[in-house]
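# Breakdown of the fold
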Amino acid sequence: MSFSYDEPQGSGGETRQAADGDVATLTTQQGIPVADDQNSLKQGKRGPTLLEDSHFREKIFHFDHERIPERVVHARGYGAHGFFELTDSLADVSRADIFQRVGERTPAFVRFSTVAGSKGSFDLARDVRGFAVKLYTQEGNWDLVGNNIPVFFIQDAIKFPDLIHSAKPEPDRNFPQAQTAHDNFWDFVSLTPESFHMIMWTMSDRAIPRSFRTMEGFGVHTFRLLDAEGRSTFVKFHWKPRQGLQSVVWNEAVKINGADPDFHRRDLWDAINGGDFPEWELGVQLFDDDFADGFDFDVLDATKIIPEELVPVRIIGRLVLDRVVDNFFAETEQVAFCTQNVPPGIDFSNDPLLQGRNFSYLDTQIKRLGGPNFTHIPINAPKCPMAHFQQDGHMAMRNPKGRANYEPNSWGAADGGPREDPARGFTSFAETADGPKQRIRSESFADHYSQARQFLVSQTPIERKHIGDALVFELSKVERPDIRSRVVSHLLNIDATLAATVADGLGLALPDPAVAAREPI
Ligand code: HEM
């Protein structure tokens with residue numbers, strides 16, 4: 001029988017005590033062997049429990065503190081370990097170590113999630129799915145914190161709290177649980193035309209995947225790749241499932257939620273444990289400034305895709321998940337992904353949603369994981385050598401060794417600690433930023449309906465029918481008629497047939513297109 005705890009640094013190694021042969025002795029956290037774990041210490045057979053019972057108190061105190069805050073979004077998730085293998089070098093456009101040597105494997109951890117539901121919600125909710133990948137590269141952790149849908153509801157991170165407030169249960173009644181069956185949600189999106197491309201995706205079958213294994217993943221934003229000379233190439237990241245892309249239909253989703261709310265996590269656990277390791281290809285869309293300038297939409301607008309007909313997806317690697325977690329809390333619950341974690345050779349664009357995310361994740365994780373040392377938790381720790389002078393704080397397990405904990409210092413190689421390395425270190429793209437400081441949305445972000453229509457047209461007739469049915473179902477839960485009508489007005493700007501179908505399904509008169517919330521298209 002094997003039973004062990006990971007030994008934190010400085011522990012001095014294995015401390016297991018043996019009760020009988022190979023069976024470990026139960027101990028307190030202080031290592032005191034426990035003689036009786038069934039009865040608290042009492043004064044007499046039927047007397048009061050004694051304050052002196054330190055084992056009892058420690059056990060209860062620890063239990064009382066087991067819960068940490070759930071993630072403010074993406075609370076329900078499921079993770080697994082695996083690896084990324086490079087199959088096509090990107091050395092021509094990026095100096096990132098992970099993209100240099102074909103055939104080399106990089107350890108990976110992936111967490112799939114729903115967005116709006118709480119930790120205990122059901123797997124088959126109509127919702128976006130998170131697809132967060134941590135790649136433990138030899139030059140630090142790269143977190144590609146994506147979704148299974150390539151666009152997003154909003155263009156600017158300042159709208160994120162509003163979007164999420166509108167999608168979570170309403171503050172007075174604390175229902176509905178479902179993201180979409182909501183007066184507040186539809187009120188918000190009907191006043192936020194930029195969300196309608198994403199609405200088409202979330203009302204489609206993409207939002208009820210059959211399995212985590214049959215979902216695509218997308219980095220969503222435009223990122224940059226940088227070569228050794230600092231030259232930039234724009235990039236969009238795609239994960240393509242080798243299992244194919246599959247969804248369930250709504251009636252199946254409803255039944256599965258009732259019969260087995262853990263359907264997706266059970267499916268992933270069983271597949272990996274059964275040796276049927278899910279696999280995704282990593283694809284990149286690469287383009288330069290000239291393409292970006294000539295494109296109909298702004299590449300910094302996360303409500304838009306770059307059509308694959310214009311910029312084909314180049315497959316450069318594969319991701320395989322081949323190991324379930326040892327402990328759900330230690331790994332899946334405590335893992336912390338952050339868009340700002342990128343190694344040298346990858347950089348951000350000015351996408352205002354990405355810029356806000358770079359701030360938000362670290363901030364929330366310092367609270368969620370109890371302080372600034374959550375990178376000491378094994379699932380979050382880089383697997384490459386690291387050295388810095390950050391120290392102390394709650395739960396510090398890896399303080400710098402030696403005398404010097406500052407720089408510059410003159411202690412020499414042995415005692416002086418790490419030094420900056422201008423050649424190997426992370427450098428940002430030397431982008432020129434100009435113009436007045438102002439709160440503004442670029443007019444290049446203005447067309448909210450063309451790509452929504454393009455997505456609808458790309459769907460097969462039965463898939464289009466599912467979108468109409470989903471809109472009728474979700475909007476039929478909305479009590480206020482004016483909100484329903486406002487949504488239908490937006491649909492008119494996307495597709496007259498869809499708008500008519502939904503209006504008909506809801507028993508609404510089709511609004512006069514002249515008064516619809518029309519945007520120039
Ligand atoms: C969590 C994706 C937009 C704030 C997550 C997770 C994913 C994700 C996959 C779950 C990570 C995990 O499994 O632990 C995305 C995508 C976005 C987006 C693809 C848009 C393209 C935003 C924005 C903000 C934000 C705009 C805020 C400005 C958060 C926060 C968490 C989170 C606070 C919880 C993190 C934690 O507690 O560990 N997001 N998100 N997200 N996201 Fe986003």
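As annotated in an unreviewed UniProt entry, the protein chain is Catalase from Edaphosphingomonas fennica. Regarding the protein chain, the UniProt comment filed under Catalytic activity (unreviewed entry) reads as follows: "2 H2O2 = O2 + 2 H2O". Taken directly from UniProt, the Function (unreviewed entry) text for the protein chain runs: "Decomposes hydrogen peroxide into water and oxygen; serves to protect cells from the toxic effects of hydrogen peroxide."

## Here we look at the packing of helix 13 (residues 481-494) against helix 14 (residues 496-506)
At their nearest, the axes of helix 13 and helix 14 sit 6 Å apart, and the two run at 160° to each other. Relative to helix 14, the element helix 13 lies roughly antiparallel. Considering how the two elements wind past one another, helix 13 and helix 14 form a crossing that is left-handed. Across the interface between the two elements, R484, V488, L491, L492 and I494 of helix 13 pack against A496, L498, A499, V502, A503 and L506 of helix 14. Here the residues of the contact of helix 13 with helix 14 are counted per class, giving 10 nonpolar, no polar and 1 charged.

## So, the site of the ligand
Around the ligand sit 28 residues in total, of which R71, H74, R111, G130 and S360 are the nearest. Broken down by element, the shell around the ligand gets its largest block of residues, 8 residues, from helix 9 (residues 352-368).

## As for the environment of V324
If you trace the backbone, V324 turns up in the loop between strand 11 (314-323) and helix 8 (328-333). On the basis of neighbour counts, which here come to 18 C-beta atoms within 10 Å, the residue V324 falls in the partly exposed class. Along the sequence, V324 and A271 sit 53 residues apart, while their C-alpha atoms lie 9.7 Å from each other. With residues up to four places along the chain from it excluded, the contact list for V324 reads A80, W269, I272 and N273.

## Quick word on unusual backbone geometry
That bond from F175 to P176 is cis: its omega, 0°, falls within 30 degrees of zero. Of note, P176 is situated in the loop between helix 2 (160-167) and helix 3 (183-190). In the segment running from E407 into P408, the intervening peptide bond is cis, with an omega of 5°. With a phi angle near 55°, H74 is a residue other than glycine that sits in the positive phi range. The topology assignment puts H74 in the loop between helix 1 (54-64) and strand 3 (77-86). For H74, a count of 22 C-beta atoms within 10 Å translates into the label buried.

## Focus: helix 14
Residues L498, A499, T501, V502 and A503 constitute the buried set of helix 14. Elements in contact with the buried residues of helix 14: helix 11 (450-458), helix 12 (461-476) and helix 13. Phi turns positive, to about 70°, at G507, one or two residues after helix 14.

About the cut-offs
- Residues numbered from 1 in each chain as written.
- Predicted model: local features only at pLDDT ≥ 70, side-chain atom pairs only at ≥ 80, totals over all residues.
- UniProt positions renumbered as here; feature names shortened; annotations may be inferred.
- Axes fitted to C-alpha atoms, helices over the stretch in contact; angles between N-to-C directions.
- Helix = DSSP H or I, 4+ residues; strand = E, 2+ residues; numbered from the N terminus.
- Parallel < 35°, antiparallel > 145°, perpendicular 65-115°, else oblique.
- Left-handed = near helix turned anticlockwise from the far one by under 90°.
- Contact = placed C-beta atoms within 7 Å.
- Nonpolar A, V, L, I, M, F, W, Y, C, P; charged D, E, K, R; others polar.
- Near = placed C-beta within 6 Å.
- Buried ≥ 20, exposed ≤ 12 C-beta atoms within 10 Å, placed from the backbone.

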